[in-house]
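Structural description and commentary
Read off the chains here:
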Amino acid sequence: MTTPTLTLPTSVARAGLHDHKLQGWNVFADLDGEHHYSLLSIYLSGRKLDPQSCTILDKIAQICAVADPRIWPLKVTRLISAYGRYLPAIAAAQVFLPEVNLGPAVIAKTASQFLQIQHTVGASLDAAHIERILTEHLETRTPLLGWGVPARKFDERYRELKTWYQLHGYTDRYFWRLVLEMEPILLHLKQLQPNISALISAILLDLDFSPDQANIVMLSFLQNTFFTNALEGASQQPDFLRKLPAGTTHYRGSSPKLSPRKQSQSRTHPVLS
Amino acid sequence: MNQSYKKTRPIPSPDSQNKPNDISPLDSTGIDATLDAFIIEDGEHLRLHGFDVHEDLAHHYSFAEVILLTLCGTPPDEATGIAFAIALIAASPVPIAEAPTHAARIAHVCSADAAGIASLAAIALAEQARWLLDEHKELLLWLTTPSPPPLAPQFQAAQFQPENPSRTTAIRNQVRHLQNALPRPFRQDPIFHQDPTLWAAILTIFVRCGLHSPSQLLTALLTARLTSTIAEAMAGERGQLQSYPANLPQFIYKAPEQS
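Residues numbered from 1 in each chain as written. Chains lettered and ligands numbered in written order. Predicted model: local features only at pLDDT ≥ 70, side-chain atom pairs only at ≥ 80, totals over all residues.

**Looking at the overall build of chain A**
Along the backbone of chain A there are 13 helices and five strands. Taking 2.2 N^0.38 as the reference for a compact globule, 273 residues should give roughly 19 Å; the C-alpha atoms of chain A span a radius of gyration of 25 Å, well beyond that estimate. In chain A, which comprises 273 residues, the share counted as buried stands at 29%. Across chain A, the fraction of contacts at a sequence separation of at least 24, relative to all contacts at a separation of at least 6, is 66%. (Helix = DSSP H or I, 4+ residues; strand = E, 2+ residues; numbered from the N terminus. Rg over C-alpha atoms; globule rule 2.2 N^0.38 Å. Buried ≥ 20, exposed ≤ 12 C-beta atoms within 10 Å, placed from the backbone. Contact = placed C-beta atoms within 7 Å.)

This is the structure we're talking about:
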């Protein structure tokens, strides 16, 4: 039997002897001094970012530096790192993110929603048209991602980023303007406040990232929050995170009972019988 | 204090120093909530759905039956327990050609420890099971339809005819052996009149045993397949990077056009 030759095209990379290829660039010859986020953009799409775009991404990364270990995925990092290793803890906390409405996946979904609105509204950003679309959307009771702020009156990160963005004059871009158009409409219709996901999704779309690419860029913003919690968690290794002490959990399941076989006592273990 | 540390670490602003106990929205999140258990009762007696694990289940039930009890909440009857155990066995092999074992072998070749390999295997198997269940969505719907139409061709062994008749024959043989191993009521399931693939037959048995939700089915698949994946991954030589075929497949690099 002959071994089949399997091939796959890739535009990502090829390891060389004296230099390496990455998305069409020579790593040593072409990418010297490239900013962290420009490199990320090259990895994702081959596209270098200008310094202004990198400044914007740096700002978003700063705004996203919320690493409180009580934040749910970060709590997972703490629980796993309590066994002493930080890398599995970092990985474990990110495994469950793809389908939850929390963290980077929200960015992809929010960005996709914005693209749908753009498809319907077009370039004009007519407020009445946007209001009609949003009213129809709310009637379907489908969650409008990027809106809604739990546990507080407003999202402080949204305000901080919005203020900074306006101060730097990046306000002529389509999706940014779309969010600003949507903000008063949703406040009026449903008392919905925007959260940081709306703004980040809009900005990443304006920087020409696709929703999936935006998802990964967002994950890169959040990486440090996992790193710091995993590192501290692995150094602390508290016993009570490996197993919570008695009295901290509550059993609400079935009361004690006997199985049918125990009741009859006529059978022994099926393997042993 | 180390001099370089003093030089590089910025001093927090007076404002932030004055507010060490700033109120956080998380302070009031889930404040009245408790961490609740619904299936496993911890304590002097460990119980699953109310049944004592050591005094009752360990004496009277097989491991497969306890898995089914854990997922469904009630102990299975004997025929169901046997059918489930047989379906688990049928689902258990994950050959090296399949991505979970292949990926876990790479971890082994890279000198990963058992915990690292098992973690990777669990993730890969969960993704594989999710994909498999997605591929069989229509079958799962078919199983709940009263008087269903004939099974869709993608769930039938005959789909590989005429291009690959030996594959069809192999699948039919596997399904026949599986069917023959089952206790009577399961052996007579209508699915076996539909020329099912092995996966269609296995998933059908899982469903007939009482596993209906995707989460129950995914968990059963993961339970069945984890051990063989890890064992096969770790059977090769550890840390021998040269022994792994890096060009399976060959990746043909082509620079993207925009650059």
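**With respect to helix α4 (residues 72-81) of chain A**
All names here are of chain A. Most of α4 sits inside the fold, with seven of its ten residues counted as buried. Those residues of α4 that fall on the buried side of the exposure criterion are P73, L74, V76, T77, R78, I80 and S81. Residues of α4 that are buried sit in contact with α5 (86-95), α11 (211-236) and α12 (239-242).

**Some remarks on the sheet that holds strand β3 (residues 21-22) of chain A**
Residue and element names in this part refer to chain A. As summarised here, the arrangement of the three strands in space is β2-β3-β4, forming an open sheet in which the pairing is antiparallel. The outermost strands of the open sheet, each flanked by one partner alone, are β2 (13-14) and β4 (25-26). Pairing analysis gives two bridges linking β3 to β4, with the strands arranged antiparallel. Looking across to β4, one finds that K21 is bridged to N26. (Pairing = 2+ DSSP bridges.)

**As for the interface of chain A and chain B**
Each side of the interface is counted separately: chain A has 39 residues, and chain B has 37 residues. Listing elements by their share of the side of chain A that touches chain B, those giving two or more residues are β1 (7-10), α5, β5 (249-251) and α13 (260-264) of chain A. Among the elements that line the side of chain A that touches chain B, the one with the most residues is β1 of chain A, at four residues. Looking at the side of chain A that touches chain B residue by residue, the classes come out as 13 nonpolar, 15 polar and eleven charged. By the bridge criterion, four bridges tie β1 of chain A to strand β5 (residues 250-253) of chain B in an arrangement that is parallel. Each residue of the ladder has a partner; that of T10 of chain A, found in β5 of chain B, is Y253 of chain B. (Nonpolar A, V, L, I, M, F, W, Y, C, P; charged D, E, K, R; others polar.)

**A look at the sheet that holds strand β4 (residues 51-52) of chain B**
Residues and elements named next belong to chain B. What the three strands build is an open sheet, ordered β2-β3-β4; its pairing is antiparallel. A single partner strand is all that each edge strand has here, and the edge strands are β2 (40-41) and β4. Pairing of β2 with strand β3 (residues 47-48) involves two bridges; the strand directions are antiparallel. By the bridge assignment for β3, E41 is matched with R47.

**Overview of the environment of G16 of chain A**
Residue and element names in this part refer to chain A. Residue position: G16 is located in the loop between β2 and β3. The exposure class of G16 is exposed, given the 12 C-beta atoms found within 10 Å. Along the sequence, G16 and V27 sit eleven residues apart, while their C-alpha atoms lie 10.0 Å from each other.

**Description of unusual backbone geometry**
For the bond from Q161 of chain B to P162 of chain B, the omega torsion is -5°, close enough to zero to count as cis. In the segment running from L248 of chain B into P249 of chain B, the intervening peptide bond is cis, with an omega of 0°. Here P249 of chain B is to be found in the loop between α12 (214-233) and β5. If you check the backbone angles, A151 of chain A has positive phi at about 70° while not being a glycine. Considering the arrangement of structural elements, one finds A151 of chain A in the loop between α7 (127-139) and α8 (156-167). Given 11 C-beta atoms within a 10 Å radius, A151 of chain A is considered exposed. For Q191 of chain A, which is not a glycine, the phi torsion comes out positive at approximately 55°. Assignment of secondary structure puts Q191 of chain A in the loop between α9 (174-190) and α10 (196-206).

As far as function goes, none of this settles anything; it's purely spatial.
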